[in-house]
Amino acid sequence: ENFGNPTIESMMGNEENIILLVGQAYADLKWVHDHWGYWGVSSLTSDECVCPIRLPGKHWNDSGYWKNLNVHTWTEFAECFRNIWNSTISGAVNCNQLIKTLTDNNAKMSEESFKQYIGELEVLRSYYFYLLFDCFGRIPYLEEYVDKTEPLMEPEDVWSHLVACLERNAPNMAVVSDGNRSQNYGRVTQGFAYALLARLYLNAESFGCTETNVFKNVEKPAAFSGSFMDNCVRCCDAVINSGSYKIESDFFANFKIDNSASKENIFVLVEDGNAEFDHRYNGSMST
C-alpha cells in the first residue's frame, strides 16, 4: 500500500479530484493575453493599439520589438512567435495527456461525468490549437497523447479537424444559466464552443478553405450544411438563442475585478492580478 500518497487510480472515484485534475488544462491560458504572446501579436500588428516609447530609445523600446509589430517588419525570430508556439502546444498536449488519464480510468467514473470532462478537454484543446492555427496556419495538430513526428498539417485540414471536434462536442457541453453561471466561470461551455465555431466559419476562406477542400481527412459533421456563412449564422444563433447571455446595461460590469456576475462574457481567463510572473518564459512554463 502507498500510504499517504494517493495514486491517480485511487483519486478518480472522487468528483472533486476530477475537477482539480481537469482544471490543470487551463493553466497555459495565462499566456494568451500577455503582450509578448498572442494578444500582443493580434493587437499590436493591427490598428487596435500601439506601444509608445518613453524617453526616446530607452524605456519600452526593447530593441525596436514593438515598432516592428506595428509597422509589420518583424522576422520569424521575434520572441512573441516562439512564445505563442510553446505555450499553445504545451496547453494542447496537456489536454491530450489528461484525456488519456481519464480514458484509462473511465471505469472509476460515471458515464455522464466521463463524457462531460472529455468534452471539456477536447473543446479547450481546440482553443489552444485555434490560437496556434490563427498565427501559423500549418501546425502540428494531434488529438492523442503520443510521441509522434509527422509533417505539419495543412491549414484546410487543421480547420476541418477543429470544426469536426467542436461540432461533435458543442451539443453536449454545459449550457450556462443563472443557476450555474458561477460554477462555469472560466470554463469552456456550449456558448464558447459555438462562438469559436462561428469564428472558424466566418474566417474559413482566409485560412485557404473552400467548399471542395475541407473535410477530406475527417468526417464532415452532420450539422454542417450550406455555405460557410450559413453555418456561421447557425452557430451565432445557437449562442443567442441559448438565453445564456445578454448585453449588460453597464459596459464596465464586464471588466470588473470580480466580473463573475456578468451575463455578457462568454469566456474569461481566471487569474490573480496580484501575482507576478516572468513573461519572457522562453518555453519554460509553470502550470
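That block above? That's the structure.
As a starting point, this report considers the structure included with it.

About the cut-offs
Residues numbered from 1 in each chain as written. Predicted model: local features only at pLDDT ≥ 70, side-chain atom pairs only at ≥ 80, totals over all residues. Heavy atoms only, no water. Helix = DSSP H or I, 4+ residues; strand = E, 2+ residues; numbered from the N terminus. Contact = heavy atoms within 4.5 Å. Axes fitted to C-alpha atoms, helices over the stretch in contact; angles between N-to-C directions. Parallel < 35°, antiparallel > 145°, perpendicular 65-115°, else oblique. Left-handed = near helix turned anticlockwise from the far one by under 90°. Nonpolar A, V, L, I, M, F, W, Y, C, P; charged D, E, K, R; others polar. Disulfide = S-S within 2.5 Å. Buried < 20%, exposed > 50% of the residue type's maximum accessible area, 1.4 Å probe, protein only. Salt bridge = Lys/Arg side-chain N within 4 Å of Asp/Glu carboxyl O. Core = buried A, V, L, I, M, F, W, Y, C linked by side-chain atoms within 4.5 Å.

With that settled, the discussion passes to the environment of Asn70. By the secondary structure assignment, Asn70 is in helix H4 (residues 65-70). On a C-alpha basis, the gap between Asn70 and Cys51 in space is 8.4 Å, while along the polypeptide they are 19 residues apart. The contacts of Asn70, once residues within four sequence positions are left out, are Leu44, Cys49, Val50 and Cys51.

The description of two packed helices rests on the angle between their axes and on the distance between the axes. It is at 10 Å that the axes of helix H6 (residues 111-136) and helix H7 (residues 155-169) come closest, and there the two elements cross at 155 degrees. On the basis of the axis angle, H6 is roughly antiparallel to H7. In this structure, H6 crosses over H7, and the sense of that crossing is left-handed. For the pair H6 and H7, the contacting residues are Gly119, Glu122, Val123, Arg125, Ser126, Phe129, Tyr130 and Phe133 in the first and Pro155, Val158, Trp159, Leu162, Cys165, Leu166, Arg168 and Asn169 in the second. In the contact of H6 with H7, the residues fall into 10 nonpolar, 3 polar and 3 charged.

Here we take up the state of the cysteines. Summed over all chains, the structure comprises 0 disulfides. Unpaired in terms of disulfides, Cys165 finds its nearest cysteine sulfur in Cys95, a separation of 10 Å. You can see Cys209 has no disulfide; the closest cysteine sulfur is in Cys232, sitting 14 Å from it. Its relative accessible area of 3% is what places Cys209 among the buried residues.

By the definition in use, this model includes 11 salt bridges. Residue Glu122 pairs with Arg168 through a salt bridge whose shortest N-O separation is 2.9 Å. Note that Glu122 is positioned in helix H6 and Arg168 in helix H7, a separation of 46 residues in sequence. Residue classification places Arg168 among the partly exposed residues on the basis of a relative accessible area of 43%. Between Glu143 and Arg125 there is a salt bridge whose closest N-O contact spans 3.9 Å. With Glu143 in the loop between H6 and H7 and Arg125 in helix H6, the pair connects residues that are 18 residues apart, well separated along the chain. On the basis of relative accessible area, Glu143 is assigned to the partly exposed category, the value being 35%. Each member of the salt-bridge network shares a partner with another, and the members are Glu144, Lys148 and Glu150.

If you look at the biggest cluster of nonpolar residues, it comprises 70 residues, and the most contacted ones within it are Leu102, Tyr130, Trp159, Leu200 and Tyr201. In contact with Trp159, other than residues within four places in its own chain, are Phe133, Leu200, Tyr201, Ala204, Phe207, Cys209, Val214, Phe215, Phe224 and Phe228.

This part covers unusual backbone geometry. Its identity is not glycine, yet Trp60 carries a phi of approximately 65 degrees, on the positive side. Using a relative accessible area of 48% as the deciding quantity, one classes Trp60 as partly exposed. For Ser63, which is not a glycine, the phi torsion comes out positive at approximately 55 degrees. On the secondary structure map, Ser63 appears in the loop between helix H3 (38-44) and H4.

Our focus in this paragraph is the side chain of Arg187. By the element assignment, Arg187 lies in the loop between H7 and helix H8 (190-202). Once residues within four sequence positions are removed from consideration, Arg187 is found in contact with Tyr26, Gln116, Tyr117, Glu120 and Phe267.

So, on to the packing of helix H2 (residues 15-23) against H6. At a minimum axis distance of 11 Å, the contact between H2 and H6 shows a crossing angle of 10 degrees. Of the possible angle classes, the one that applies to H2 and H6 is roughly parallel. On the side of H2, the interface is formed by Glu15, Ile18, Ile19 and Val22, while H6 contributes Ser113, Tyr117, Glu120 and Leu121. Taken together, the residues of the contact of H2 with H6 sort by class into 5 nonpolar, 1 polar and 2 charged.

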